[in-house]
Amino acid sequence: MKELRNNIGFDLGSSKFRFYKEGKQIGEIPARLELDGEKHEKLVINGKIADFNGTETLLRQEIKKIQKPVLGFLYLPFNSLVSVPSDMNEVALRAFRDSMEHAGSKTCFMLNDCFIAATGLEIDIKNSTSMIVDCGAGKTSITTIKGFEIIKNDILDIAGINLDEAIRTYLSSKYDLIVDLKVAEKLKIEYTDFRENKQVDKTVRITGQVKQTDSIKDIKIQSSEITDCLRNDIELLVERIIRHFENLEDSVSEKIKMTGVYLIGGGFKLTGLIDLISKKLNVNSKSYGFSNDYMKTGLQKIQANPGELMRYMMI
Ligand SMILES: Nc1ncnc2c1ncn2[C@@H]1O[C@H](COP(=O)(O)OP(=O)(O)OP(=O)(O)O)[C@@H](O)[C@H]1O
Ligand SMILES: [Mg+2]
């Protein structure tokens, strides 16, 4: 395949759906939203499409917005490149591809997200062995690839949303305070601190609803409490990353020691987390956690060089 005309790249994350065209992000929508007056709690759960009807309606609606009609009414056919998690099963892949085709896509390529990320990270996939850990909203995937072969893949549900839920549960059980998941996410982003010996303990005021009543109250707690209530989950996450690495064959782990482990995804933005992992893993970590650019760049490179497309395809 030499050319792939009029194509749109899709990254279906658990927290956000992102759309790309010609190397530019052209849309971003939350994966939890109201469509046609109907509330869709979550379209993707742990990297899997949970609500096909909702997803199809959403795609139809978004594609209409981003496609510019010719002569004001004629929509040109487009091809889609969809980044999907490597553990998505074949039935779900086919169902999603059908949804895309109903939503107007001519050909829909379902591509393995770890290879797209690797491409975006400028990894020379064909000639290297790499370990990539993507801590997103709904899941963390730990993947080791050798060329275009996945040699080990672990998916954990400890990721951004799960940490927000842990904060919410802590406030409810310790202070009888019910807060929205968004509030819990904000507390996580602003106050958790996993740096060693450098933690700044701040007083945090939190407003929420008193459990089993309609009344509202304010509490004041120390920020270290928020960090502490996430410690078990973070320890488990680090342990699973270490276990993945230690279970690789020696020849593979030796290569990874030289190239470093790639840590990507918004979840790794937690203050001090990347340093903590690097120290415990004792392997240099390459941190890319601060942007989603690697997905954009990965999709852009594949869009520009569709000859390689087959290697990325899941079905
Ligand atoms: N500064 C920050 N500190 C801690 N967590 C953060 C920060 N910024 C974003 N996050 C978390 O990162 C997560 C989103 O990451 P990302 O955009 O990589 O997920 P996604 O691609 O939508 O999901 P997934 O890959 O699981 O399908 C959210 O849970 C969010 O709370
Ligand atoms: Mg993601």
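Quick note: structure is the one above.
Worth saying up front: this structure is predicted, and the values here are computed from it rather than measured.

A. Main features of the packing of helix 1 (residues 52-66) against helix 2 (residues 90-102). Running from N to C, helix 1 and helix 2 cross one another at 35°; their axes reach a closest spacing of 9 Å. For the pair helix 1 and helix 2, the crossing hand works out as right-handed. For the pair helix 1 and helix 2, contact is made by Phe52, Thr55, Glu56, Leu59 and Arg60 and by Ala92, Ala95, Phe96, Ser99, Met100 and His102, respectively. Residue composition of the contact of helix 1 with helix 2, grouped by class: six nonpolar, three polar and two charged.

B. Region of interest: the packing of aromatic side chains. This structure, assessed with the given rule, holds five aromatic pairs. Ring plane angle 50° and centroid distance 5.2 Å describe the contact between phenylalanine 115 and phenylalanine 148, whose orientation is recorded as tilted. Here phenylalanine 148 lies in the loop between strand 11 (140-146) and strand 12 (149-156) and phenylalanine 115 lies in helix 3 (residues 113-120), a separation of 33 residues in the sequence. Relative to tyrosine 312, the ring of phenylalanine 148 has its centre 5.2 Å away and its plane inclined at 70°; by these criteria the two rings are edge-to-face.

C. View of the sheet that holds strand 8 (residues 78-84). The five strands lie next to each other as 3-2-1-8-9, forming an open sheet whose pairing is mixed. At either end of the open sheet lies a strand with only one pairing partner, and these are strand 3 (24-30) and strand 9 (105-112). When the angles between neighbouring strand axes are averaged without regard to direction, this sheet yields 20°. Sheet topology places strand 1 (residues 7-12) next to strand 2 (residues 16-21); four bridges connect them, and they run antiparallel. Bridged to leucine 12 within strand 2 is phenylalanine 17. Most of the contacts of helix 1 go to strand 2, to which it runs at about 35°, and overall it touches strand 1, strand 2, strand 3 and strand 8. Contacts from helix 9 (residues 293-304) reach strand 1, strand 2, strand 3, strand 8 and strand 9 within the one sheet, and its direction differs from that of strand 1 by about 150°.

D. Structural view of the nonpolar core. In terms of nonpolar packing, the biggest core is built from 43 residues, with Met131, Leu171, Ile206, Ile241 and Phe268 touching the most fellow members. Looking at which element gives the most residues to this core, the answer is helix 6 (residues 223-246), with nine residues. Split by domain, the residues of this core number at least three in each of domain 2 (118-158 + 231-287) and domain 3 (160-226). Apart from residues no more than four positions distant in its own chain, isoleucine 206 is found in contact with Leu171, Leu177, Val179, Val183, Leu187, Lys217, Asp218, Ile219 and Ile221. Of all hydrophobic cores here, the second largest spans 23 residues; its members include Tyr20, Phe109, Ile116 and Ile125.

E. Layout of the pairing of strand 14 (residues 203-210). Both strand 13 (residues 177-178) and strand 14 contribute to a ladder of two bridges, which runs antiparallel. Across the sheet, residue isoleucine 178 finds its bridge partner in strand 14, namely glutamine 209. Sheet analysis places strand 14 next to strand 15 (residues 216-222), joined by seven bridges and oriented antiparallel. Within strand 15, the position partnered with arginine 205 by the bridge is lysine 220. If you look at the hairpin formed by strand 14 and strand 15, you'll find five residues sitting between the two strands, and glutamine 212 has a positive phi there, around 60°.

F. Fine view of the pattern of salt bridges. Throughout the structure, instances matching the rule amount to 21 salt bridges. For the salt bridge of lysine 301 with glutamate 122, the shortest nitrogen-to-oxygen distance reads 2.9 Å. Here glutamate 122 lies in the loop between helix 3 and strand 10 (129-135) and lysine 301 lies in helix 9, a separation of 179 residues in the sequence. When its relative accessible area of 33% is taken as the criterion, lysine 301 is described as partly exposed. Across the pair lysine 182 and glutamate 185 runs a salt bridge, and its minimum N-O distance is 3.0 Å. Placement of the pair is lysine 182 and glutamate 185 together in helix 5 (residues 181-191), with a separation of three residues, close to one helical turn. Taking the relative accessible area as the measure of exposure, lysine 182 reaches 58% and is therefore exposed.

G. Inspection of unusual backbone geometry at higher detail. We note that glutamate 22 has phi near 45°; this positive angle belongs to a residue other than glycine. Locating glutamate 22 in the fold gives a position in the loop between strand 2 and strand 3. One non-glycine residue, glutamine 212, adopts positive backbone phi at about 60°.

About the criteria used
- Residues numbered from 1 in each chain as written.
- Chains lettered and ligands numbered in written order.
- Predicted model: local features only at pLDDT ≥ 70, side-chain atom pairs only at ≥ 80, totals over all residues.
- Heavy atoms only, no water.
- Axes fitted to C-alpha atoms, helices over the stretch in contact; angles between N-to-C directions.
- Helix = DSSP H or I, 4+ residues; strand = E, 2+ residues; numbered from the N terminus.
- Left-handed = near helix turned anticlockwise from the far one by under 90°.
- Contact = heavy atoms within 4.5 Å.
- Nonpolar A, V, L, I, M, F, W, Y, C, P; charged D, E, K, R; others polar.
- Phe/Tyr/Trp six-rings, centres within 6.5 Å; stacked < 30°, edge-to-face > 60°.
- Pairing = 2+ DSSP bridges.
- Core = buried A, V, L, I, M, F, W, Y, C linked by side-chain atoms within 4.5 Å.
- Buried < 20%, exposed > 50% of the residue type's maximum accessible area, 1.4 Å probe, protein only.
- Domains from an automatic or database assignment.
- Salt bridge = Lys/Arg side-chain N within 4 Å of Asp/Glu carboxyl O.

That is the geometry; function is a separate question.
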